[in-house]
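Below, each chain spelled out in residue letters.
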Amino acid sequence: MILKKYFGIIQFKWGIKMYIKNIELENFRNYNKQKIDLINGINLFVGDNAQGKTNIIESVYLSAIGKSYRTIKDVEVINFEKDYCRIILNYNKLDINKKIELFINNLNKKIIKQDEVKIGKLSEHVGEILIVIFSPDSLDIVKGSPAKRRSFLDMICSQISKSYYINLQEYMKCLKIKNSLLKNGNIDKEYIFVLHEKMSEYIFNIVNYRKIIIDKLLEKSKVIQNNLTKNTEDINLIYISDFINLEKNEIKKILDNYLEIEVIRKISLKGIQRDDIGIFVNDKEVSKYGSQGQNRTALLTLKLANFELLREENNENPILLLDDIMSELDSNRIRFLLDYIKDYQSIITTTDASFAKNAENTIIYKVKNGEITQF
Ligand SMILES: Nc1ncnc2c1ncn2[C@@H]1O[C@H](COP(=O)(O)OP(=O)(O)O)[C@@H](O)[C@H]1O
Ligand SMILES: [Mg+2]
C-alpha cells in the first residue's frame, strides 16, 4: 500500500518517458516532403490561416490513432496532386526508439506499421501513443450533442482499455446489422433476439467501464476545476444511461421489449448509442445555464482531467495536441495551462505566439504554405 502510494508520487512527477522525436510527412495535405524535429516540451507552430498548422496536428493524431478526427474518408488527407501519402512518427518510449508508419493511397488502401510490422486491426494500434486533443471544435463536448460527449468518453476508454474498444466495435457492428434490418422492414424477430443476446453482453461491459471512467474523470476534474477557479466553480459529471447497474438478462429484456416499437419506427431506440454525460457547474447544467467563460473552463478542466487519467491509468505520458485554442482562453487560463503542460510534450498551433514569450522548454516553428522553418 505504502509502496503503491510512493510509486504513485513518482509517477505523478515524472510519468513514463514517452515523446515523439520527429514527424516525417510525405504528400500529406499541403505538405510535399517535410521532416519536423520535436522537443520533449512545448512545440509551437506559428503561422497565418490556411498555412498547414492544423495539418500537423492531424498527422500526429491520424498516425497515433489510425483515423483522422477531421475527415471520414482517409483519402482526403492525400495531397491533391499525389496518389499516396505517408506519415512516419519516430518516438521514444522508455528509452527505446520506436517508429509508426502510416500509408494511405487513393485506392483507399491504408497500412499502419509499428516498427516495420503491419498492424492487422486498429484495436492493436490504439493506445500505442496516447493522445489528448484540444481544438476549437472541442467545445462541442460541453455545448454540442450527446454524440460528442460519447466520442470524448469512448476515446478515453479506448486508449486505456483495448477490450473496451473491441466491445464497442463489436456492438456497433451488431447495431448496424439491426438498423439495416429495421430499415428494410425485413424483420426476423428470432434473429434479432439472438443479436440482442450478444448486444446485451457488450452493453454490460461498456456501461460498467464507462461508469468507472466517468467516476475517475470526475474525481480528477473536481481537483482541477477547484484550482482553476479558486474554489468558486464546482464541477459535476453524471452518467446518463438506461443500463446502469443492470445484469445482462435485464439489459436483454429491455432490448427485446422495445423491438415492437422499433419495428414501427424502423430504427433502434435503446442502446449505449443513446448514453450521455450531464456536465454541471455549481449544480446547473453548464451548456444551458453557464456563461461562455464557464463553458470554456469546464472544457479545459475535462481535457486536463482526461490527460491525467490517461497518464495514470497507462503509467505513460500522453501527447497533448492543442490546435488554435490559445486565442480562446484568457490570460489566467493560459497561465494555468502552460504551467500544467510544461513537463510534458505538447504540440501547439497558433496565429499569435505572444503568450509564449517567456515559456521555458519551448521550440518555435514558422508554418508558411506547407513549409516549416525554425523561428
Ligand atoms: N488534400 C490536400 N491536398 C493539398 N492541400 C490541402 C489538402 N487538404 C487541405 N489542404 C490545404 O491545407 C491548407 C489548410 O491547412 P490547415 O492546416 O488547416 O491550415 P491552418 O494553418 O489554418 O491550420 C489549405 O490551404 C488547404 O487548401
Ligand atoms: Mg488550423
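Residues numbered from 1 in each chain as written. Chains lettered and ligands numbered in written order. Predicted model: local features only at pLDDT ≥ 70, side-chain atom pairs only at ≥ 80, totals over all residues.

This part is about unusual backbone geometry. Despite not being glycine, Asn-27 has its phi angle at roughly 55°, a positive value. You can see Asn-27 is positioned in the loop between strand S1 (18-26) and strand S2 (33-37). Positive phi is not limited to glycine here, since Asp-115 has a value of about 45°. Tracing the sequence through the fold places Asp-115 in the loop between strand S6 (110-114) and strand S7 (117-118). The class for Asp-115 is exposed, based on 10 C-beta atoms found within 10 Å. (Helix = DSSP H or I, 4+ residues; strand = E, 2+ residues; numbered from the N terminus. Buried ≥ 20, exposed ≤ 12 C-beta atoms within 10 Å, placed from the backbone.)

Neighbouring residues of ligand 1: 15 residues in total, closest Asn-30, Lys-53, Thr-54, Asn-55 and Phe-80. For the shell around ligand 1, the per-class residue count stands at four nonpolar, eight polar and three charged. (Near = placed C-beta within 6 Å. Nonpolar A, V, L, I, M, F, W, Y, C, P; charged D, E, K, R; others polar.)

If you look at soluble globular proteins, the nonpolar side chains tend to sit buried side by side. Val-60, Tyr-61, Ile-131, Ile-203 and Leu-321 are the most contacted members of the largest nonpolar core, which totals 90 residues. At eleven residues, helix H7 (residues 189-229) tops the list of elements feeding residues into this core. Shared between two domains, this core holds at least three residues of each, these being domain 1 (1-130 + 321-375) and domain 2 (152-315). When residues no more than four places from it in sequence are discounted, the contact partners of Leu-321 are Ile-57, Val-60, Tyr-61, Ile-131, Val-132, Ile-133, Phe-134 and Ile-347. (Core = buried A, V, L, I, M, F, W, Y, C linked by C-beta atoms within 7 Å. Domains from an automatic or database assignment. Contact = placed C-beta atoms within 7 Å.)

Turning next to the packing of H7 against helix H10 (residues 292-314). The contact between H7 and H10 brings their axes to 8 Å, and the two run at 130°. When the axes of H7 and H10 are compared, the pair comes out oblique. In the packing of H7 onto H10, the handedness of the crossing is right-handed. Where H7 abuts H10, its residues Lys-216, Leu-217, Lys-220, Ser-221, Ile-224, Gln-225, Leu-228 and Thr-229 lie against Thr-297, Leu-300, Thr-301, Leu-302, Leu-304, Ala-305, Asn-306, Glu-308 and Leu-309. Partitioning the contact of H7 with H10 into residue classes produces eight nonpolar, six polar and three charged. (Axes fitted to C-alpha atoms, helices over the stretch in contact; angles between N-to-C directions. Parallel < 35°, antiparallel > 145°, perpendicular 65-115°, else oblique. Left-handed = near helix turned anticlockwise from the far one by under 90°.)

Now for helix H5 (residues 146-160). Since the α-helix packs 3.6 residues into each turn, any two residues three or four apart lie on the same face. With 15 residues, H5 extends 21 Å from end C-alpha to end C-alpha; this agrees with the ideal 21 Å at 1.5 Å per step. Of the positions making up H5, those classed as buried are Arg-149, Phe-152, Leu-153, Ile-156, Cys-157, Ser-158, Gln-159 and Ile-160. Check the buried side of H5 and you find it contacts helix H4 (140-143), helix H6 (162-184), H7, strand S10 (276-281) and H10. (Expected span 1.5 Å × (residues − 1).)

We note that the domain assignment places domain 1 (1-130 + 321-375) and domain 2 (152-315) within the chain. Of the residues assigned to the side of domain 1 that touches domain 2, the class counts are seven nonpolar, four polar and two charged.

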